[in-house]
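Results of the structural survey
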Amino acid sequence: MIIAFRIFINILIVGLFLYSKLLPHRDKLNTKYDKVFNFFQSIFQPVLNFLKTLIKPFQVGQGLSVDMTQIVLLIVLLLLNNYF
């Protein structure tokens, strides 16, 4: 059971990485990959929207800020993966 949970968390980590990279290019995805993208979006979008209400963007320069929600979610997933 613990191995299945760790595999699931690892899949979510890879999915989060691909989700963040493909989000700007979503309209160019093939049908096969669009279904996979939609699956991960259905998981991550509600979580990221909730985190955006709690975490403000981090200012890294004048008029330049970084959205920390994906980084926080990645850290949580990595901690869960290491905990089990």
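Everything that follows concerns the structure shown earlier in this document.
Structure report, in brief. Here the structure is a predicted model, which means the values were calculated and not measured. (Residues numbered from 1 in each chain as written. Predicted model: local features only at pLDDT ≥ 70, side-chain atom pairs only at ≥ 80, totals over all residues. Heavy atoms only, no water.)

Attention now goes to the overall build of the protein chain. Counting its regular elements, the protein chain contains three helices and two strands. Taken from N to C terminus, the helices and strands of the protein chain fall in the order α-α-β-β-α. Judged by the C-alpha coordinates and their principal axes, the protein chain covers about 45 × 35 × 20 Å. Among the 84 residues that make up the protein chain, the fraction classed as buried is 19%. Of all intrachain contacts in the protein chain linking residues separated by at least 6 positions in sequence, the fraction that spans at least 24 positions is 54%. As presented, the protein chain carries roughly 6500 Å² of accessible surface, and 68% of it is formed by carbon and sulfur atoms. (Helix = DSSP H or I, 4+ residues; strand = E, 2+ residues; numbered from the N terminus. Buried < 20%, exposed > 50% of the residue type's maximum accessible area, 1.4 Å probe, protein only. Contact = heavy atoms within 4.5 Å. Areas by Shrake-Rupley, 256 points an atom, 1.4 Å probe, with all protein chains shown as cover.)

The next point concerns helix H3 (residues 69–83). Here H3 contains 15 residues, and its C-alpha end-to-end distance of 21 Å stays within 8% of the 21 Å for a straight helix at 1.5 Å per residue. Looking at H3, one finds that the buried residues are Thr 69, Leu 73, Leu 77 and Asn 81. Within H3, the buried residues cover an arc of 110° as seen down the axis, which keeps them to one side. Along H3, exposed side chains directed more than 90 degrees from the buried face belong to Leu 79, Asn 82 and Tyr 83. Turning to H3, the residues buried within the fold contact helix H1 (2–22) and helix H2 (31–54). (Expected span 1.5 Å × (residues − 1). Arc of directions from axis to C-beta.)

Our next topic: the nonpolar core. Of all hydrophobic cores here, the largest spans 12 residues; its members are Ile 9, Leu 12, Ile 13, Leu 16, Tyr 19, Phe 37, Phe 40, Phe 44, Leu 48, Leu 51, Leu 73 and Leu 77. Counting only elements with at least two residues in this core, the list comes to H1, H2 and H3. Each residue touching Leu 77, except ones within four places of it in the same chain, is listed here: Ile 9, Leu 12, Ile 13 and Leu 16. (Core = buried A, V, L, I, M, F, W, Y, C linked by side-chain atoms within 4.5 Å.)

In terms of strand pairing, strand E1 (residues 58–61) meets strand E2 (residues 64–66) through three bridges, oriented antiparallel. When the sheet's bridge partners are listed, Gly 61 is paired in E2 with Leu 64. (Pairing = 2+ DSSP bridges.)

What follows deals with the environment of Gln 45. For Gln 45, the position within the fold is in helix H2. Linking Gln 45 and Gln 62, residues 17 residues apart in sequence, is a C-alpha distance of 28 Å.

Moving on to H2. Under the 1.5 Å per step criterion, the end-to-end length of H2 is 34 Å for 24 residues, consistent within 8% with the ideal 34 Å. Along H2, the helix axis deviates most sharply at Gln 41, where the bend reaches about 30°. For H2, every residue scored as buried is listed here: Phe 37, Phe 40, Gln 41, Phe 44, Leu 48 and Leu 51. Lining the buried residues of H2 we find H1 and H3. (Bend = angle between axes of the 7 residues up to and from the residue.)

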